[in-house]
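The lines below spell out each chain.
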Amino acid sequence: MSKLIAVAYPDVPTAQTVLGELVGMQKRELIKLADAVVVERRDDGKVKLHQANSTVGVGAAGGALWGGLIGLLFFAPLLGMAVGAAAGAAGGALTDVGVDDSFMKELGTELAPGTAALVLLVVSATEDRVVEELGGRYQGRLLQTNLSSEEEQRLRETIDAVGAETS
């Protein structure tokens with residue numbers, strides 16, 4: 001079962017830096033993320049979502065491939081690729097995978113203006129290694145999880161302890 005974790009950070013660059021480190025850990029198979037989004041609350045109060053995975057790009061690439069293959073059958077591979085890419089991009093734009101966007105926008109309204117949150121959908125993780133590698137460099141505050149009470153308390157204590165080390 002995937003675990004939803006939302007952590008608030010003082011600004012967008014900090015949240016994006018943590019996300020970058022988590023992506024690096026994912027390449028080394030220390031963590032597996034189904035979705036990762038930086039939620040930004042701008043100074044004007046608007047909420048912006050910075051998706052880590054572009055469904056539009058993936059849809060366009062897949063559409064171009066299939067369109068090219070089908071186009072070969074009708075001796076028009078370039079036309080097939082163009083039509084397939086357009087259809088794939090449109091389909092990708094309409095696709096929403098991972099954490100629900102409306103939930104993240106609602107969460108963003110709870111942030112202070114100028115701050116950000118990192119929303120993660122974690123499939124699996126080597127928790128002690130992930131916490132060890134992130135260290136005390138980032139001052140995050142746990143906002144929301146779908147963890148059990150014991151797991152959430154342990155995560156809060158870990159984040160608080162890491163935050164206290166940097167103070």
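Residues numbered from 1 in each chain as written. Predicted model: local features only at pLDDT ≥ 70, side-chain atom pairs only at ≥ 80, totals over all residues. Heavy atoms only, no water.

### What to know about the overall build of the protein
The test is simple: Helix and strand definitions follow DSSP, with helices as H or I runs of at least four residues and strands as E runs of at least two, each counted in order from the N terminus. For the exposure calls, accessible area comes from a 1.4 Å probe over protein chains only, and a residue counts as buried if that area is under 20% of its type's maximum, exposed if over 50%, partly exposed in between. Contact between two residues is taken to exist if any of their heavy atoms lie within 4.5 Å; hydrogens are not considered. Areas reported as accessible are Shrake-Rupley estimates using a 1.4 Å probe. Residue values count occlusion only from the protein chains shown.
When helices and strands are tallied, the protein shows 6 helices and 5 strands. In the protein, the succession of α and β elements from N to C terminus is β-α-β-β-α-α-α-β-α-β-α. Going through the 167 residues of the protein one by one, you find that 35% of them count as buried. The long-range fraction of contacts in the protein, counting pairs at least 24 apart against all pairs at least 6 apart in sequence, stands at 75%. By element, 59% of the accessible surface of the protein is carried by carbon and sulfur atoms, the whole surface being about 9,700 Å².

### Some remarks on the confidence of the model for the protein
What counts, and what does not: As a per-residue measure, pLDDT tells how confident the predictor is, with possible values from 0 to 100.
With 64% of its residues at a pLDDT of 70 or more, the protein shows a mean pLDDT of 75. Of all the helices and strands in the protein, helix 2 (residues 55–73) carries the lowest mean pLDDT, 60, while helix 1 (residues 12–27) carries the highest, 89.

### Remarks on the packing of helix 1 against helix 5 (residues 127–134)
As a reminder, the rule being used: As a rule, the C-alpha atoms of each element are fitted with a line to give its axis, helices using only the stretch in contact, and angles between N-to-C directions run from 0 to 180 degrees. Every angle not falling under 35 degrees, over 145, or within 65 to 115 is termed oblique; those three ranges are roughly parallel, roughly antiparallel and roughly perpendicular. We call a crossing left-handed when the near helix sits turned anticlockwise from the far one by less than a right angle, and right-handed when that turn is clockwise. All residues other than Ala, Val, Leu, Ile, Met, Phe, Trp, Tyr, Cys, Pro, Asp, Glu, Lys and Arg, Gly among them, are scored as polar; the first ten of these are nonpolar and the last four charged.
Here helix 1 crosses helix 5 at 135°, and the two axes come no closer than 11 Å. For the element pair helix 1 / helix 5, the angle class is oblique. For helix 1 against helix 5, the interelement crossing comes out right-handed. Of the residues in helix 5, those touching helix 1 at Val-18, Glu-21, Leu-22 and Met-25 are Val-130, Glu-133 and Leu-134. Here the contact of helix 1 with helix 5 is composed, by residue class, of 5 nonpolar, no polar and 2 charged.

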